[in-house]
Amino acid sequence: MYNNKKLILSIFWIVLGAVLLGLSVAEVLDSSIYAGMGGALIAIGVLQVARNLRYRKDTEYREKIDTEVSDERNRYLRMMSWSWTGYVVVLAEAVGVVAAMILGKHTVQLVLSYSVCLILAAYWISYMILKNKY
């Protein structure tokens, strides 16, 4: 599952995070958001590198990860989780549209409406592609 491309990508996240953090500390970037984002990218990169190295060295861990990735039950559970997440997000945003309309928050209403439309358009396109494929 892990290969050199993933290790290089993890190192890239560390470097990018260090650059963002450095630019933020040097006050080249104004917002402290960049420092937080840089720190988060460094942490993610370090954790991914550690995970990648553990996968390469520990055969028991490698078998466990390979089983989790290729197991049919886990694939089904991931697919169902995405399905449920889609329903929950669309319904929550639709309720948010109505609530924003009642509260007179026109901008929030528009953003949520556009989001619902974008999600439904993506759903329809993916449905058409999958219908032709299967």
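Further up the page is the structure itself.
The structure displayed is predicted, hence computed values, not measured ones.

Draft legend 1. View of the packing of aromatic side chains. As enumerated under the stated definition, the model contains two aromatic pairs in all. Seen from their ring centres, Phe12 and Trp13 are 5.3 Å apart, and the 55° between their planes marks the pair as tilted. Both rings, one in Tyr123 and one in Tyr127, keep their centres 6.3 Å apart while their planes meet at 25°; by these two values the pair is stacked. Residue Tyr123 and its partner Tyr127 are both found in helix α5 (residues 106-133); the two are separated by four residues, about one turn of the helix. Owing to a relative accessible area of 54%, Tyr123 belongs among the exposed residues under this scheme.

Draft legend 2. Structural context of the packing of helix α2 (residues 33-57) against helix α3 (residues 59-70). Where α2 contacts α3, the axes come no closer than 6 Å and their chain directions differ by 110°. Classified by the angle their axes make, α2 and α3 are roughly perpendicular. Residues Arg51, Arg54, Tyr55, Arg56 and Lys57 of α2 lie in contact with α3, whose contacting residues are Thr59, Tyr61, Arg62, Ile65 and Asp66. Classifying every residue of the contact of α2 with α3 by side-chain character gives three nonpolar, one polar and six charged.

Draft legend 3. Inspection of the packing of α3 against helix α4 (residues 72-103) at higher detail. Closest axis-to-axis distance for the α3/α4 pair is 5 Å, and the angle between their directions is 55°. With respect to each other, α3 and α4 are oriented oblique. Contact residues: α3 offers Thr67, Glu68, Val69 and Ser70, while α4 offers Glu72, Asn74, Arg75 and Arg78. When its residues are assigned to classes, the contact of α3 with α4 shows one nonpolar, three polar and four charged.

Cut-off values and rules
- Residues numbered from 1 in each chain as written.
- Predicted model: local features only at pLDDT ≥ 70, side-chain atom pairs only at ≥ 80, totals over all residues.
- Heavy atoms only, no water.
- Phe/Tyr/Trp six-rings, centres within 6.5 Å; stacked < 30°, edge-to-face > 60°.
- Helix = DSSP H or I, 4+ residues; strand = E, 2+ residues; numbered from the N terminus.
- Buried < 20%, exposed > 50% of the residue type's maximum accessible area, 1.4 Å probe, protein only.
- Axes fitted to C-alpha atoms, helices over the stretch in contact; angles between N-to-C directions.
- Parallel < 35°, antiparallel > 145°, perpendicular 65-115°, else oblique.
- Contact = heavy atoms within 4.5 Å.
- Nonpolar A, V, L, I, M, F, W, Y, C, P; charged D, E, K, R; others polar.

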